[in-house]
Amino acid sequence: MSHQENMAKVIPHRETKAERKKERQKIGRLGDQKISPCTRERYHHSLKEVAKHANLSPQMLLRQDSLDDILSSFVEMLWEDGESRSQGSYAIAAIQHFAPDAKGRLKNAWKLMGLWQKIEQPRRATPLDPSLLLAFAGVFWKWKWEDLACLTVVGFAGLLRTGEMFALQRSDVVLARKANQPSIIFLYDTKTAKRNLLTAEKVLIYERCAKACLHFLCKNKNGTERLVDTAPAKYRAVWKEVIDHLGLNSFHYLPYSLRRGGATSAYKEGMTFEQLLIKGRWQNVSTARLYLDQALQELTRIQLPSTAVARVRAAKLCFKAAGLGRVEGEE
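Only a predicted model underlies this, so the values are computations on that prediction, with no experimental measurement involved.

**Re the sheet that holds strand 1 (residues 173-174)**
Picture the strands of a sheet paired through backbone hydrogen bonds; they go either parallel or antiparallel.
Link 1 in the chain: Strand order in this open sheet of three strands is 1-2-3, and the pairing throughout is antiparallel. Taken across any chain shown, the strands that pair with only one partner, and hence form the sheet edges, are strand 1 and strand 3 (200-205).

**A look at the confidence of the model for the chain**
Link 1 in the chain: Looking at the chain as a whole, its pLDDT mean stands at 89, while 92% of the residues score no less than 70.
Link 2 in the chain: Mean pLDDT values for the elements of the chain range from 40 in helix 1 (residues 3-6) up to 97 in helix 9 (residues 146-158).
Link 3 in the chain: For residues 1-8, every residue scores under 50 in pLDDT, and the model assigns this stretch 23 contacts once sequence neighbours within four places are set aside.
Link 4 in the chain: With pLDDT under 50 throughout, residues 193-197 is counted as low confidence; its partners more than four residues away or in other chains account for eight contacts.

**A closer look at the side chain of Thr230**
Link 1 in the chain: Structurally, Thr230 can be placed in the loop between helix 12 (208-218) and helix 13 (232-246).
Link 2 in the chain: For Thr230, the residues in contact, after removing those within four places along its chain, are Trp145, Asp147, Leu148, Phe166 and Tyr235.

**What about the pairing of strand 3?**
Link 1 in the chain: Side-chain alternation along strand 3 places Glu201, Val203 and Ile205 on a buried face and Ala200, Lys202 and Leu204 on a face that remains uncovered.
Link 2 in the chain: The pairing of strand 2 (residues 183-188) with strand 3 spans six bridges and is classified as antiparallel. When the bridges of strand 3 are listed, Ser183 appears paired with Ile205.

**A word on the environment of Leu217**
Link 1 in the chain: Its location among the elements puts Leu217 in helix 12.
Link 2 in the chain: Residues Leu217 and Phe136, 81 residues apart in the sequence, show an inter-C-alpha distance of 17 Å.
Link 3 in the chain: With residues up to four places along the chain from it excluded, the contact list for Leu217 reads Asp147, Cys150, Leu151, Val154, Leu227 and Val228.

About the cut-offs
Residues numbered from 1 in each chain as written. Predicted model: local features only at pLDDT ≥ 70, side-chain atom pairs only at ≥ 80, totals over all residues. Heavy atoms only, no water. Pairing = 2+ DSSP bridges. Helix = DSSP H or I, 4+ residues; strand = E, 2+ residues; numbered from the N terminus. pLDDT = per-residue confidence, 0-100. Contact = heavy atoms within 4.5 Å. Buried < 20%, exposed > 50% of the residue type's maximum accessible area, 1.4 Å probe, protein only.

Written as structure tokens, this is what we have:
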């Protein structure tokens, strides 16, 4: 399930009562839109995990006065067992969702999570540079996943999140008519759009290769047809196979590496920090600067294993042979 599908749906305004009713029936009860189906499922799982830790049923757990102590103990257990921090955050959020009265009473559990965040740095996706971008796209192309190859290039150039990439429809794209014009991607229901009460955000694509890839993806597509029919889960699975094929398992390359790498590459190619903020749709300046600085430092430390160099070179040639152009910044 993509990030876009995880978010509450948005429906267009209609003029008549009958039309509005029909649109609203598509998404169901209003109260069910508070959280996405995916998040609801994750909350149920987290609730069961905390209940198991406390040796209680989920129903009995939610009636406990000592929820803060139980959750604090659960967070300590996660820390000691080497689990990820996200499990603790989801556990506390799940309790607050199913027991709204608990909000404000889980101070120690949240303090422990804050301390965890300060002490342990998260493992971020390794940023992808333009050269490796071509290699990834080349393997996708060679394996007959041409649409995924092109979507990968577009995601890199547009600094798109994975869910945003797979939610794109033909009607969301305005193709450039002249060489010096950008293609335009409209993103709906994104995190930034919701914060700013916008219907959609606009991303401009100037890179020739990315524009050519958009043309490829839009060919013979109309209206609300998705640019790519493949599910995000399948993309992630094939992505892992590409990593194995190229011999890059020692790095933490994830689909999100496209957004990190795309931002870093754009900055290195001369895009100002202010322009980058707009294109990447970051709200917090200090967070974005830290995000960029860390990615730049990571890129300087990356050295491909000797076994991967030849495979990367061959994969790049495979994509170049497709005739979609050269990625800016590629050496």
